[in-house]
Amino acid sequence: MRRSDRREGPNWTRRVVIGCLWCRIMMLETACQSEKVVSDPCMDAWPNQLRPNLLLDRLKLHPMTNTEIPTPAQDGLPTLDWRWKQDREKAHELHQLELPFVLQHVPDVEAGVERWKSNEYLVERMKHQKHSVTVAHSGRFMYFSEDKAKKSKSYHRPTEKLELTMEEFFELPVPDLAEDTHYYFLAGKADHNWIAEEMPTFQNLNEETKAALGWGRQPLPAFLAGSASAKSFRQVIRDETDSGRLGHGYLGTDANGIPLNAGLFLNSVNNSRATHDQTRFSAGDRYINMRIGQKGVIAEGHFDVSRNFIVMMRGARRYFLMHPCECLNAYIELADKEDPEYRHWKVRPDLPDFDIESAPLLQNVRALDVTVQAGDILYVPSYWIHYLVSLTDHNIQLNIRSGIAVEGFDHVQRASGSVGVQRRMQLERQYYQAKQRTVWEKAVLLFLCFSATVEIFKRKKHVLGMFLRPLKGEKGLL
């Protein structure tokens, strides 16, 4: 064989190998572009103030069955200290934008946390009344509408209901395993007015002031209600309304410079983008619920229509918070309003046998991983999806509901009904098409690599030696 022929062989082989590398690069670029198309519903919806992570990545790193407190406890959202004026102002700002945040060191809450460590104290305050207890035999709590369940002959109720006193609830067996039977205690809004009495921060207006204001159940802080006349209240409301800050501005400060709570907790009834009249019609109900969970019980992903301040009075819970734009990717049931599990997702991403091919869009869902511990307050705006697990036994939280926001409803609307179903099917189709293209690209890549390998062995040249050999005299390679 001529010298020139021997030189052309390795030249051709190197070209094949380099071509394979270029095919691999192009395949990765195509996969990236496909992923961007599939994640389109939330491409630009997440605000800059928040730093979410992929939900499935966080679950793989720290599964829901792991009841140890994750590190860091609050990942991706602002954590504010009520003792600092700038943090209080930041809380008002984030609440006006309808964005979640964690608030710590609120004096009423810290004082209550110490009292609520005692089971005897709580039993006495609840006056031995019977309350609703949900029984979850699988350790998973799925809320469902009882009225809708009665209309459906095929629906299987995932939980059962009992009526127990708080004392009886505390005596129930503590589950050892995640799949054991768990119990979940719920005291409704009319069962514990004493909470507002011992925590003035969460107290409503007295009836006389409500009537004088003419705002029905419009609340203001307790210390205002006890220290000002109805006439001055009306003037404050009028001034704040004219300035466009009602419910989100400040009604002055107290002696310590703390802004009066016109826009937080039970007092938040309007929306930053709503007019005065819209605020009154969208205010909704305002109340406090008490919930007590056993260690390991999981509440499935869902969203609530009303705003919710979650106040942890004992123990800890882990929350995943997802922007309303994730309704499509998270498979939230919005197609059928008569479904008993309407507003909840139809996936179980924490189960060992979960198959991502059954819900491919879930791999694009981003979430905030937040652990709230005793004394913490987590704000969950309207329509934000939350998915949670109790990390300690007999953990206690208060749900402070107050009004309905406008922000987020547009995302829910786009994911609802037949339009939402079609949109999700379109996104899934894009995913499967992209995956099919990737399979063909891999096949081509393997063929080229195989061809290059055969050629190398034909020439009886070692791969490493071929690439390390000097290129002097071999023209046309680069």
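Residues numbered from 1 in each chain as written. Predicted model: local features only at pLDDT ≥ 70, side-chain atom pairs only at ≥ 80, totals over all residues. Heavy atoms only, no water.

J.: I'd like a description of the layout of surface pockets, backed by residues and values.
T.: By volume, the largest pocket amounts to about 730 Å³. Along its surface, the largest pocket is lined by 33 residues, and F141, Y143, R291, D304 and R401 are the ones closest to its centre. Within the residue set of the lining of the largest pocket, elements represented by two or more residues are β5 (130–136), β8 (182–187), β9 (286–293), β10 (298–302), β11 (306–314), β12 (316–322), β15 (385–390) and β16 (395–404). Residues belonging to the lining of the largest pocket are distributed by class as follows: twelve nonpolar, twelve polar and nine charged. (1 Å grid on protein atoms, 1.4 Å probe; cavity = no way out; pocket = protein on both sides within 12 Å on 5 of 7 lines; lining within 4 Å. Points joined across faces, edges and corners; volume = space filled by probe spheres on them. Helix = DSSP H or I, 4+ residues; strand = E, 2+ residues; numbered from the N terminus. Nonpolar A, V, L, I, M, F, W, Y, C, P; charged D, E, K, R; others polar.)

J.: A description of unusual backbone geometry should follow, citing residues and the corresponding values.
T.: Cis geometry is adopted by the peptide bond preceding P72, which originates at T71 and carries an omega value of -5°. Within the secondary structure, P72 sits in the loop between α2 (55–61) and β2 (74–75). With a phi angle near 65°, H105 is a residue other than glycine that sits in the positive phi range. Mapped onto the elements of the fold, H105 is located in the loop between β4 (101–104) and α4 (107–115). Its identity is not glycine, yet Y383 carries a phi of approximately 75°, on the positive side.

J.: Got a sec to walk through the pattern of salt bridges? Specific residues and values, please.
T.: On inspection of all chains with the given rule, the structure shows 17 salt bridges. Residue R157 is joined to E146 by a salt bridge in which the shortest nitrogen-to-oxygen separation is 2.8 Å. With R157 in the loop between α6 (146–151) and β7 (160–165) and E146 in helix α6, this pair connects stretches of sequence that are eleven residues apart. Ionic pairing is found between D304 and R401, a salt bridge with its closest N-O pair at 3.3 Å. Taken as a pair, D304 in the loop between β10 and β11 and R401 in strand β16 lie far apart in primary sequence, 97 residues in all. Residue classification places D304 among the buried positions, given a relative accessible area of 14%. (Salt bridge = Lys/Arg side-chain N within 4 Å of Asp/Glu carboxyl O. Buried < 20%, exposed > 50% of the residue type's maximum accessible area, 1.4 Å probe, protein only.)

J.: Summarise the nonpolar core; cite the residues concerned and give the values.
T.: Core analysis: the largest hydrophobic core is formed by 60 residues, its most contacted members being L103, W116, M166, M290, M313, L378 and L398. Sorting elements by how many residues they give to this core places β11 first, with five residues. For M166, the contacting residues outside a window of four places in its chain are L122, V123, M126, Q129, F185, M290 and I292. (Core = buried A, V, L, I, M, F, W, Y, C linked by side-chain atoms within 4.5 Å. Contact = heavy atoms within 4.5 Å.)

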